[in-house]
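Overview (structure and organization)
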Amino acid sequence: MNEPEQRTRLEQRYRRLLLAYPADYRAERGDELVDTYLDTVEPGRSRPGPRDTADLLVGGARQHLRVRQASGFTGALPVAAVLALATGSMLATIWLLAIEFTPTLDDYPPVGPSRVFQSVAAFAWIAWLAAAVVFAVAPGRWCRRLIAVSLVLMVVAKPVWLVATAVVGPGGGWFSQSPPSFVALLPHAALGVLALALPSRPGRVTRWVPVLVAAVPIVPVMRLDLAHYWSYNWVAPTAFAVVAPSFLFIANAVAGWLLLRRDRRGLWVGVVTLPAVALLAAEPLIHLATRSYWMSMPTELPFWLERSTVSALLTVVTLGILGLAFAVSKPRRTGPAGSSRPAGER
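Residues numbered from 1 in each chain as written. Predicted model: local features only at pLDDT ≥ 70, side-chain atom pairs only at ≥ 80, totals over all residues. Heavy atoms only, no water.

What follows is about the overall build of the protein. Assigned secondary structure in the protein consists of 12 helices and 0 strands. Seen in sequence order, the protein has helices and strands lined up from the N terminus as α-α-α-α-α-α-α-α-α-α-α-α. Out of the 346 residues in the protein, the part that is buried amounts to 43%. Surface accessibility of the protein: about 18,400 Å² in total, with carbon and sulfur atoms responsible for 65%. (Helix = DSSP H or I, 4+ residues; strand = E, 2+ residues; numbered from the N terminus. Buried < 20%, exposed > 50% of the residue type's maximum accessible area, 1.4 Å probe, protein only. Areas by Shrake-Rupley, 256 points an atom, 1.4 Å probe, with all protein chains shown as cover.)

Here it is, written out as structure tokens:
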């Protein structure tokens, strides 16, 4: 195939990719966009490269959303991040008071001088509450750093437990007989990723919301006798059954308030918070479904009801939704419309 034929075929394939854009946009800017890409392609190529393909598909999705006035993702992130920090602060208080600081009875050894917490996950919750306090007093870089520290501690909680129990034995030192549970770690990590987008200059009222929300469960939890049921597997379904619908309701209320003010961020607040809500709601739903299955005396639970399967699927969906939302809402740089790079840049 000679060079003119290669260029003609390459142009045809670029035009097929332009079908990802709205028809009006193709009619107005299609020729300009194709010519820009053709000028930057190295000689001898007859197919668009992976980078150009992804660039055009993402640009097309972005233009469709702009036509539907669905912009505002970047502006919605700080709003959702404050909600995530407040929700995670409430959960951190519950985990510490109901589990980590609670003395165990019955079949579990009591807390001794060498074991302050029930599991190593306690350090993650302390770092999270510290971030809420810093957000109220001096929001900014250090608050996000504490959230990042909390996320790292969540990730290493189980590996640290495994190593520690292998060295000192179960129930020894700082470590309990049960490891930190993914039931609590995974949804809280999702909130942590979202909280990394906290604003550096929140309003005077907004900055105190996470601390105030963190104090809400103190009295109810302290009034409960949880010494016999300190495991995350016992406490998490009840905690999430309260927190998940509350988070969903407040996020939708904030989104509705923004939309009433004709603020496009309201279109994105629900999308940004939905993955975290799904992870928070997974455990109560599994718990209810499991109870209904056990009442009918099944021989074994179906595969799709296993916690590991549901968590893995929801994690993939969470990353997919957030990744797609970020990709289609990335601010356009200088250059041809719909392209995420300047004209002529490789």
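Structurally, proline 78 can be placed in helix α4 (residues 73–100). The sequence separation of proline 78 and leucine 196 amounts to 118 residues, and the corresponding C-alpha distance is 8.7 Å. Each residue touching proline 78, except ones within four places of it in the same chain, is listed here: Ala197 and Pro199. (Contact = heavy atoms within 4.5 Å.)

This part covers the nonpolar core. Within the largest apolar cluster, 62 residues are counted, with the highest numbers of intra-cluster contacts made by Trp95 and Trp125. Going through the elements one at a time, α4, α5 (122–137), α6 (141–168), α7 (182–195), α10 (232–260), α11 (266–295) and α12 (307–329) are the ones with two or more residues in this core. Looking at which element gives the most residues to this core, the answer is α4, with 17 residues. Leaving out residues up to four positions away in the same chain, tryptophan 95 has contacts with Glu100, Trp125, Ala184, His188, Tyr232, Val235, Ala236, Ala239 and Phe240. With 12 residues, the next largest nonpolar core counts Tyr14, Tyr21, Tyr25 and Val34 among its residues. (Core = buried A, V, L, I, M, F, W, Y, C linked by side-chain atoms within 4.5 Å.)

Another point: unusual backbone geometry. Unlike most non-glycine residues, arginine 262 shows phi in positive territory, near 60 degrees. Here arginine 262 shows up in the loop between α10 and α11. Judged by relative accessible area, which is 80%, arginine 262 ranks as exposed.

Let's shift gears to α10. Between its terminal C-alpha atoms α10 stretches 40 Å, which fits the 42 Å expected from 29 residues at 1.5 Å a residue. At phenylalanine 240, α10 shows its maximal kink, close to 30 degrees. Positive backbone phi, approximately 60 degrees, marks arginine 262, located one or two places after α10. (Expected span 1.5 Å × (residues − 1). Bend = angle between axes of the 7 residues up to and from the residue.)

This part covers α5. End to end, α5 covers 23 Å across 16 residues, agreeing with the expected 22 Å (1.5 Å per residue, within 8%). Every buried residue belonging to α5 is among Ala122, Ala124, Trp125, Ala127, Trp128, Ala131, Ala132, Phe135 and Ala136, and all of these are buried.

Right, let's talk about the packing of α4 against α7 for a bit. The N-to-C vectors of α4 and α7 enclose an angle of 145 degrees; their axes lie 7 Å apart at closest approach. Like other packed secondary-structure pairs, α4 and α7 cross with a definite hand, here left-handed. Contact residues: Leu77, Ala80, Ala81, Ala84, Leu85, Thr87, Gly88, Leu91, Ala92 and Trp95 in α4; Ala184, His188, Leu191, Leu194 and Ala195 in α7. Along the lines of polarity and charge, the residues of the contact of α4 with α7 split into 12 nonpolar, 3 polar and no charged. (Axes fitted to C-alpha atoms, helices over the stretch in contact; angles between N-to-C directions. Left-handed = near helix turned anticlockwise from the far one by under 90°. Nonpolar A, V, L, I, M, F, W, Y, C, P; charged D, E, K, R; others polar.)

With that settled, consider the side chain of glutamate 100. With respect to the secondary-structure elements, glutamate 100 resides in helix α4. A residue is classified by how much of its surface remains accessible, and glutamate 100, at 0% relative accessible area, is buried. Separated by 2.4 Å, the side chains of glutamate 100 and tyrosine 232 make a polar contact. (Polar contact = N/O pair within 3.5 Å; in protein donor to acceptor, adjacent residues only side chain to side chain.)

Glancing now at the packing of α7 against α10. Taken N-terminus to C-terminus, the directions of α7 and α10 make an angle of 30 degrees; their axes are 9 Å apart at the nearest point. With respect to α10, the axis of α7 lies roughly parallel. Across from Val183, Ala184, Pro187 and Leu191 in α7, the residues of α10 making contact are Tyr232, Asn233, Ala236, Phe240 and Phe247. Of the residues in the contact of α7 with α10, the class split is 8 nonpolar, 1 polar and no charged. (Parallel < 35°, antiparallel > 145°, perpendicular 65-115°, else oblique.)

The subject of this paragraph is the packing of aromatic side chains. Enumeration over the complete set of coordinates arrives at 5 aromatic pairs. Both rings, one in tryptophan 95 and one in tyrosine 232, keep their centres 5.5 Å apart while their planes meet at 65 degrees; by these two values the pair is edge-to-face. Placement of the pair is tryptophan 95 in helix α4 and tyrosine 232 in helix α10, with a sequence separation of 137 residues. Both residues of the pair, tryptophan 95 and tyrosine 232, belong to the buried class. The interplanar angle of 90 degrees and the centroid separation of 5.7 Å between the aromatic rings of tryptophan 95 and phenylalanine 240 together place this pair among those described as edge-to-face. With a gap of 145 residues between them, tryptophan 95 in helix α4 and phenylalanine 240 in helix α10 connect regions that are remote in the sequence. (Phe/Tyr/Trp six-rings, centres within 6.5 Å; stacked < 30°, edge-to-face > 60°.)

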